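# Survey of secondary and tertiary structure
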Amino acid sequence: MLRVDRGAPALDVARIRADFPILQRQVNGHPLVYLDNAASTQKPRQVIDALVDFYTRINANVHRGVHTLSVEATDAYEAARERIGRFIGTDDPNEVVFVRNTTEGLNLVAACWGRANLRPGDEILATQLEHHSNLVPWQRVAQDTGAHIALVRLTPDGLVDLDHLRQLLSPRTRVLAIAHASNVLGTISDVTRIADMAHAVGAIVAVDGAQSVPHLATDVGTLGVDFLAFSGHKMLAPLGSGVLWGRRELLEAMPPFLGGGGMIREVYDDRATWAPLPEKFDAGTPAVADSIGLAAACDYLDELGMANIRTHEIELAGYAMDRLASVPDVTVYGPRDPHGRTAVVSFNLDGVHPHDAGTILDEAGVAVRAGHHCCQPLHRSLDLAATLRASFYVYNTADEVDALVDALAVARRVYQRKTA
Ligand SMILES: Cc1ncc(COP(=O)(O)O)c(C=O)c1O
């Protein structure tokens, strides 16, 4: 078990692992070593139980019925909204919009805020680190509105280049789209400082929190941004749960995203008026159980303590980078100081395509990601076609890092034999 300086474990990983039934399974005859957490995390029994409890005791549609089950479902759904809001530091549930995932949240901002506010000649800034989810929606809205999009470069260490950002910011800049943490390099950006710079020219700041909210204690007030989107499935919660947080006055001024049931105040033959927040953005039947599952995940993470999770991940990332760097022919990408990054470690094995290496790792039960990780502009800027990515979470151990390194040594031997 990893230990912090004072000698106490940051997390009781053995106890945590007992909460995750899937970690008992074998893959290709080996114990599962699940290192694909940046793509999606596993679910603890507490979250699975919340889903089972909802479907067993309460299941009904929300906001629609006067009968007991519907009222109970509505109460549980709205309680989940409040709980998740507290997890990110807001006590205004009207600022918490349920979405399916980060992608949907960022598309909502681009479509609703962007179409209402962007004009020809306006500028949208994003960074070279962005996942396609915080780039493609802005490209689409730029094409539709005549706005222009530019990317902030990275420093050689993989950090957002603040000098370049300063050069690009101008009174024409209306939006800065930025990931709080990179899903490839692990880089954590100083979003508070960057938001101050963007606000000084009158731009709004839309943050992709997919890789930060699950790993870093988050307080939207301290971050000082305008929008923050994140995915439940990357923080122990069900697939299909997610949140867009937005400043209330911005959400109130924006047109709705989808039209239909649940989001209207009055409907006439030819027009409609909108419900107040948060219903305005809740068209159709929402993912009620999944949102309740996300609230259960927030309880679970808070019980572990986000500061303890961070300590555990810093130690694991540091250990993984050291061990990987010791394997001949392995190149590790991104900032080397584990304090400036999350526990996402991308690397390559020289001469072996990441998909081939990933397949050999899978034969040893080690699950990693191989590819461009939905960051083609970043990979292009690094002159890479693809990378392997190991990403860690609360249940991962130093032994699993060792299993990864051992399996990588096998991949290296297999390919060296093939090419000899
Ligand atoms: C930084 C980042 N942004 C956005 C996304 C998209 O998340 P989702 O597929 O849950 O919408 C991901 C997922 O990998 C990500 O890592």
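As a reminder, the structure under discussion sits directly above these lines.
Residues numbered from 1 in each chain as written. Predicted model: local features only at pLDDT ≥ 70, side-chain atom pairs only at ≥ 80, totals over all residues. Heavy atoms only, no water.

### Thoughts on the pairing of strand β4 (residues 96-99)
Taking every second residue as pointing to the same face, both faces of β4 are buried, with Val96 and Phe98 on one and Val97 and Val99 on the other. Of the strand pairs in this sheet, β4 and strand β10 (residues 242-246) are connected by four bridges, and their pairing is antiparallel. In the strand pairing of β10, Val96 is matched with Trp245. (Buried < 20%, exposed > 50% of the residue type's maximum accessible area, 1.4 Å probe, protein only. Helix = DSSP H or I, 4+ residues; strand = E, 2+ residues; numbered from the N terminus. Pairing = 2+ DSSP bridges.)

### Remarks on the site of the ligand
The full set close to the ligand counts 13 residues, and Thr103, Asp208, Gln211, Ser231 and Lys234 are the nearest of them. Contact distances for the ligand include 2.6 Å between an oxygen atom and a side-chain N or O atom of Gln211. Residue His233 places a side-chain N or O atom 2.7 Å away from an oxygen atom belonging to the ligand. For the ligand, the protein covers 88% of the area, taking 390 Å² as the surface of the free molecule. Classifying every residue of the shell around the ligand by side-chain character gives two nonpolar, nine polar and two charged. (Near = heavy atom within 4 Å. Polar contact = N/O pair within 3.5 Å; in protein donor to acceptor, adjacent residues only side chain to side chain. Areas by Shrake-Rupley, 256 points an atom, 1.4 Å probe, with all protein chains shown as cover. Nonpolar A, V, L, I, M, F, W, Y, C, P; charged D, E, K, R; others polar.)

### A look at the sheet that holds strand β14 (residues 344-349)
A sheet is described by the order of its strands in space; here four strands give the open sequence β13-β14-β17-β16, paired in antiparallel fashion. In this open sheet, the two strands that pair with only one neighbour each are β13 (330-332) and β16 (369-371). Strand-to-strand twist in this sheet, taken as the mean axis angle between neighbours without regard to direction, amounts to 30°. Relative to strand β17 (residues 387-391), β14 runs antiparallel, the two being bridged by four bridges. What sits directly across from Ser346, in β17, is Arg389. Across the face of the sheet, helix α12 (residues 354-363) comes into contact with β14, β16 and β17 while running at roughly 40° to β17. (Axes fitted to C-alpha atoms, helices over the stretch in contact; angles between N-to-C directions. Contact = heavy atoms within 4.5 Å.)

### So, unusual backbone geometry
Note that the residue after Leu277, namely Pro278, is joined by a cis bond; omega there is 0°. The backbone phi angle of Asn28 is positive, close to 50°, even though this residue is not glycine. As for its position among the elements, Asn28 is in the loop between β1 (26-27) and β2 (30-31). Judged by its relative accessible area of 48%, Asn28 falls in the partly exposed class.

### Describing the packing of helix α10 (residues 288-304) against helix α11 (residues 306-325)
For any two helices packed against each other, one specifies the crossing angle of their axes together with the interaxial distance. Interhelical geometry of α10 versus α11 gives an angle of 70° and a closest axis separation of 5 Å. By the criterion of interaxial angle, the relationship of α10 to α11 is roughly perpendicular. Side by side, α10 and α11 meet where Leu301, Asp302 and Leu304 of the first sit next to Met306, Asn308 and Ile309 of the second. Of the residues contributing to the contact of α10 with α11, the split by class is four nonpolar, one polar and one charged. (Parallel < 35°, antiparallel > 145°, perpendicular 65-115°, else oblique.)

### Some details on the pattern of salt bridges
Side-chain pairs of opposite charge can arise where the charged atoms are in close proximity. In the structure shown here, the tally under the stated rule is 19 salt bridges. Across the salt bridge formed by Asp92 and Arg248, the nearest N and O atoms sit 3.0 Å from each other. Residue Asp92 is found in the loop between α3 (68-87) and β4, and its partner Arg248 is found in helix α9 (residues 248-253); the two are separated by 156 residues along the sequence. Owing to a relative accessible area of 16%, Asp92 belongs among the buried residues under this scheme. Take Arg248: its relative accessible area is 31%, and that puts it in the partly exposed class. Taking the shortest distance from any N to any O, the salt bridge between Arg174 and Asp122 comes out at 3.5 Å. Residue Arg174 is located in strand β7 (residues 173-179), and its partner Asp122 is located in the loop between α4 (102-117) and β5 (123-127); the two are separated by 52 residues in the primary sequence. Take Arg174: its relative accessible area is 23%, and that puts it in the partly exposed class. (Salt bridge = Lys/Arg side-chain N within 4 Å of Asp/Glu carboxyl O.)

### What to know about the environment of Glu315
As for its placement among the helices and strands, Glu315 is situated in helix α11. The class for Glu315 is partly exposed, based on a relative accessible area of 22%. Expressed as a C-alpha distance, the spacing of Glu315 and Thr273, which sit 42 residues apart in the sequence, is 52 Å.

### Observations concerning α11
Taking 1.5 Å of rise per residue, the 20 residues of α11 would be expected to cover 28 Å, and the 28 Å separating its terminal C-alpha atoms lies within 8% of that figure. For α11, the set of buried residues is Met306, Ile309, Arg310, His312, Glu313, Ile314, Leu316, Ala317, Gly318, Ala320, Met321 and Leu324. (Expected span 1.5 Å × (residues − 1).)

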